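Overview (structure and organization)
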Amino acid sequence: MMLLKEYRICMPLTVEEYRIGQLYMISKHSHEQSERGEGVEVMQNEPYEDPVHGQGQLTEKRVYLNSKLPSWARAVVPKIFYVTEKAWNYYPYTITEYTCSFLPKFSIHIETKYEDNKGSNDNIFEREAKDTEREICFIDIAYDEIPERYYKESEDPKNFVSEKTGRGLLKEGWRESQEPIMCSYKLVAVKFEVWGLQSRVEQFVHKVVRDVLLIGHRQAFGWVDEWYGK
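Per an unreviewed UniProt entry, the protein chain is named Cytoplasmic phosphatidylinositol transfer protein 1, and its organism is Xenopus laevis. According to the UniProt record, the Sequence similarities (unreviewed entry) comment for the protein chain is "Belongs to the PtdIns transfer protein family. PI transfer class IIB subfamily."

**Let's talk about the overall build of the protein chain**
Scanning the protein chain from terminus to terminus reveals 5 helices and 8 strands. Written out in order from the N terminus, the α and β elements of the protein chain read β-α-β-β-α-β-β-β-β-α-β-α-α. The C-alpha radius of gyration computed for the protein chain amounts to 18 Å, which stays within 12% of the reference 17 Å derived for 230 residues, consistent with globular compactness. Overall size of the protein chain, expressed as C-alpha extent along the three principal axes, is 50 × 45 × 35 Å. Looking at the protein chain as a whole, 43% of its 230 residues are labelled buried. Restricting the contact set of the protein chain to residue pairs at least 6 apart, pairs at least 24 apart contribute 66%. Entry remark: accessible area of the protein chain is about 13,000 Å², with carbon and sulfur atoms responsible for 54%. Across the protein chain, the centroid of the 31 positively charged side chains sits 4 Å from that of the 38 negatively charged ones.

**Things to note about the packing of aromatic side chains**
One pass over the full model with this rule turns up 7 aromatic pairs. Taking the centre distance of 5.4 Å and the plane angle of 70° together, the rings of Tyr18 and Tyr114 count as edge-to-face. Of the two residues, Tyr18 sits in helix H1 (residues 15-35) while Tyr114 sits in strand E6 (residues 103-115), which places them 96 residues apart along the sequence. Accessibility expressed as a relative area gives 2% for Tyr18, which makes it buried. Of the residues examined, Tyr114 reaches a relative accessible area of 6% and is grouped as buried. Geometrically, the ring pair formed by Tyr24 and Trp223 is edge-to-face, given 6.4 Å between the ring centres and 80° between the ring planes. Linking Tyr24 in helix H1 with Trp223 in the loop between helix H4 (198-222) and helix H5 (224-227), this pair joins segments that are 199 residues apart in sequence. For Tyr24, a relative accessible area of 23% corresponds to the partly exposed category.

**Examining a nonpolar patch on the surface**
A contiguous nonpolar patch, built from Phe204, Val208 and Val212 and spanning about 290 Å² of accessible area, is present on the exposed surface. Considering the arrangement of structural elements, one finds Val208 in helix H4. According to the relative accessible area criterion, Val208 is partly exposed, its value standing at 38%.

Rules used throughout
Residues numbered from 1 in each chain as written. Predicted model: local features only at pLDDT ≥ 70, side-chain atom pairs only at ≥ 80, totals over all residues. Heavy atoms only, no water. UniProt positions renumbered as here; feature names shortened; annotations may be inferred. Helix = DSSP H or I, 4+ residues; strand = E, 2+ residues; numbered from the N terminus. Rg over C-alpha atoms; globule rule 2.2 N^0.38 Å. Buried < 20%, exposed > 50% of the residue type's maximum accessible area, 1.4 Å probe, protein only. Contact = heavy atoms within 4.5 Å. Areas by Shrake-Rupley, 256 points an atom, 1.4 Å probe, with all protein chains shown as cover. Lys, Arg positive; Asp, Glu negative; His and termini not counted. Charge placed at Lys NZ, Arg CZ, Asp CG, Glu CD. Phe/Tyr/Trp six-rings, centres within 6.5 Å; stacked < 30°, edge-to-face > 60°. Patch = residues over 30% accessible without salt bridge, like charges linked within 9 Å, V, L, I, M, F, W, Y side chains within 5 Å. Salt bridge = Lys/Arg side-chain N within 4 Å of Asp/Glu carboxyl O.

Written as structure tokens, this is what we have:
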């Protein structure tokens, strides 16, 4: 068994607008990573045709994590320690998989669907996770707490107003009245098949994934004036 959760993250954008926002965010993060000296190696980046989802793009990256580890861990972890990220992008549907060279029994599988609604579609993953037990977690980009070290006033949707779109200053309960509104639905499966550690590690990884999703979607809206209309 693996731990399966469905996250629903609403944003004051349309799915069509966010297509550009998502690409902008990915390239900005890649740029920041390389400036910090973290090794990111692109193994593959090519068009991909899927019988069900049609034309898409397949990218495969290796992220070398040695620079992130404390010195004692660097001494024991092989230099070739990296995470592989494989992504299939058939926007508004994407699949992303993470595996780890050092932990062969560990993986994260994320399926994402974007829709113009406020997170009200309970059957969006009917085909992918039919009859599978999963927990549904709403993430509020304005009111959920983020780890303090990631907080930036300029990216806080409670305080931020977009000059280009006029959207922002999200008030309590904003999802009920906001127009336009879209939702990122993310079906996240975390697998760590090591007896005795499985559930603790899977719970911990889900907490990290949740923080990353919350911060990423806050930034996508916080940076809207940088990418909107591109």
